[in-house]
Amino acid sequence: MRKTLYIIFTIIIFGYSSSQSFAEKRQLESHEHGVSKLQIVIEKNIIQYELEAPANDIVGFENSPKNEQQKESINKAINLFKNTDGLFTTSSKANCRSSKIDIEFEVEGTHAGFHAKWNSKCKKISELKELTTMFFQIFPKAEELEVQIISEKSQSAIEWESDTKTIKIPKIHN
Ligand SMILES: [Zn+2]
């Protein structure tokens, strides 16, 4: 049964992604400045995060670094991202611990972006009710996070605006 569910999920995720811009994540040309994408997949006690942010929102430019200052800005941003516990925090009762973040700076044509992936293992995933972020405080050019939350129970899309610190996570288990 588990296996079947999992397969169904994969199909849903895949099907959904291909109709949404997540499938085009490498096509930076189509991104919208101010808008980052956060995909959250919750399976059992693991939360997987994938974030796509226009480089304009993070470092203020979208090209391969041209000088030391730009190189430094990119490294600084990467280090900020690596502190994922500070960027996104879950309900403390859920007792989640994040893995190391895998992050890349990518340039494509006249656009560039940051692509980050990490996961979080939770001792009490049933207590996962909220997600809080410092993303908008740390990166003031970011205006919105388009969030997709996919779990065994539901799939939802949330527009997380910069004036909101915390979002509710829909019920994730049956
Ligand atoms: Zn751009």
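Just above, that's the structure.
Since we're looking at a predicted model, the values are computed, not measured. (Residues numbered from 1 in each chain as written. Predicted model: local features only at pLDDT ≥ 70, side-chain atom pairs only at ≥ 80, totals over all residues. Heavy atoms only, no water.)

Draft legend 1. Structural context of the sheet that holds strand β3 (residues 88–90). The three strands are arranged β3-β7-β10 in an open sheet whose pairing can be described as antiparallel. Strand pairing shows two members of the sheet lacking a second neighbour, β3 and β10 (166–168), which therefore form its edges. Each neighbouring strand pair of the sheet contributes to a mean axis angle of 25 degrees, computed without reference to strand direction. (Pairing = 2+ DSSP bridges. Helix = DSSP H or I, 4+ residues; strand = E, 2+ residues; numbered from the N terminus. Axes fitted to C-alpha atoms, helices over the stretch in contact; angles between N-to-C directions.)

Draft legend 2. Structural context of the coordination of the zinc ion. On the protein side, the zinc ion has H31 (NE2), H33 (NE2), E62 (OE) and H111 (ND1) as donor atoms, found 1.9 to 2.0 Å from it. In terms of primary sequence, the donors binding the zinc ion are separated according to H-x1-H-x28-E-x48-H. Of the two residues, H33 is situated in the loop between α1 (2–19) and β1 (35–43) and E62 in the loop between α2 (55–58) and α3 (68–82); the sequence distance between them amounts to 29 residues. Using a relative accessible area of 36% as the deciding quantity, one classes H33 as partly exposed. (Donors = N, O, S within 2.8 Å, 3.2 Å for Na, K, Ca; no water. Buried < 20%, exposed > 50% of the residue type's maximum accessible area, 1.4 Å probe, protein only.)

Draft legend 3. Highlighting the nonpolar core. Counting residues in each nonpolar core, the largest one holds 40 residues, and the members touching the most others are L38, F81, F114 and F135. Taken together, the elements giving at least two residues each to this core come down to β1, β2 (46–54), α2, α3, β6 (111–122), α5 (135–138), β8 (144–150) and β9 (155–161). Broken down by element, the residue count for this core peaks at five residues, all from β6. (Core = buried A, V, L, I, M, F, W, Y, C linked by side-chain atoms within 4.5 Å.)

Draft legend 4. Geometry of the state of the cysteines. A full pass over the atoms with the stated rule returns one disulfide. Sulfur-sulfur distance for the disulfide between C96 and C122 comes to 2.1 Å. On the sign convention where negative means left-handed, the S-S torsion of about 105 degrees between C96 and C122 marks this disulfide as right-handed. Placement of the pair is C96 in strand β4 (residues 96–98) and C122 in strand β6, with a sequence separation of 26 residues. (Disulfide = S-S within 2.5 Å.)

Draft legend 5. Representation of the pairing of β6 in the model. Across the twelve residues of β6, nine count as buried, placing the element largely inside the fold. As defined by bridge partners, β2 adjoins β6 across nine bridges and the pair is classed as antiparallel. Bridging from a neighbouring strand, Q48 pairs with N119 of β6. The pairing of β4 with β6 spans three bridges and is classified as antiparallel. Residue pairing in the sheet places C96 in a bridge with C122 of β6. Following strand β5 (residues 102–108), the chain reverses through two residues before pairing antiparallel with β6; G109 in that reversal takes a positive phi of roughly 60 degrees.

Draft legend 6. Here's a closer look at a nonpolar patch on the surface. A cluster of nonpolar side chains, namely L80, M134 and I138, defines an oily patch on the protein surface of about 200 Å² accessible area. Looking at where L80 falls in the secondary structure, it is placed in helix α3. (Patch = residues over 30% accessible without salt bridge, like charges linked within 9 Å, V, L, I, M, F, W, Y side chains within 5 Å. Areas by Shrake-Rupley, 256 points an atom, 1.4 Å probe, with all protein chains shown as cover. Salt bridge = Lys/Arg side-chain N within 4 Å of Asp/Glu carboxyl O.)

Draft legend 7. Spatial organisation of the pairing of β1. Across the nine residues of β1, eight count as buried, placing the element largely inside the fold. Pairing analysis gives seven bridges linking β1 to β8, with the strands arranged parallel. When the bridges of β8 are listed, S36 appears paired with L145. Where β1 meets β2, seven bridges bridge the pair, whose relative direction is antiparallel. Residue pairing for β2: I40 is matched across the bridge by Y49. Counting the residues that bridge the hairpin from β1 to β2 gives two residues, and of these K44 lies at a positive phi of roughly 50 degrees.

Draft legend 8. The arrangement of unusual backbone geometry in detail. The residue K44 is not glycine, and still its phi comes out positive at about 50 degrees. Counting through the fold element by element, K44 comes out in the loop between β1 and β2. When its relative accessible area of 48% is taken as the criterion, K44 is described as partly exposed. Even without being a glycine, N95 presents a positive backbone phi close to 55 degrees. Here N95 shows up in the loop between β3 and β4.

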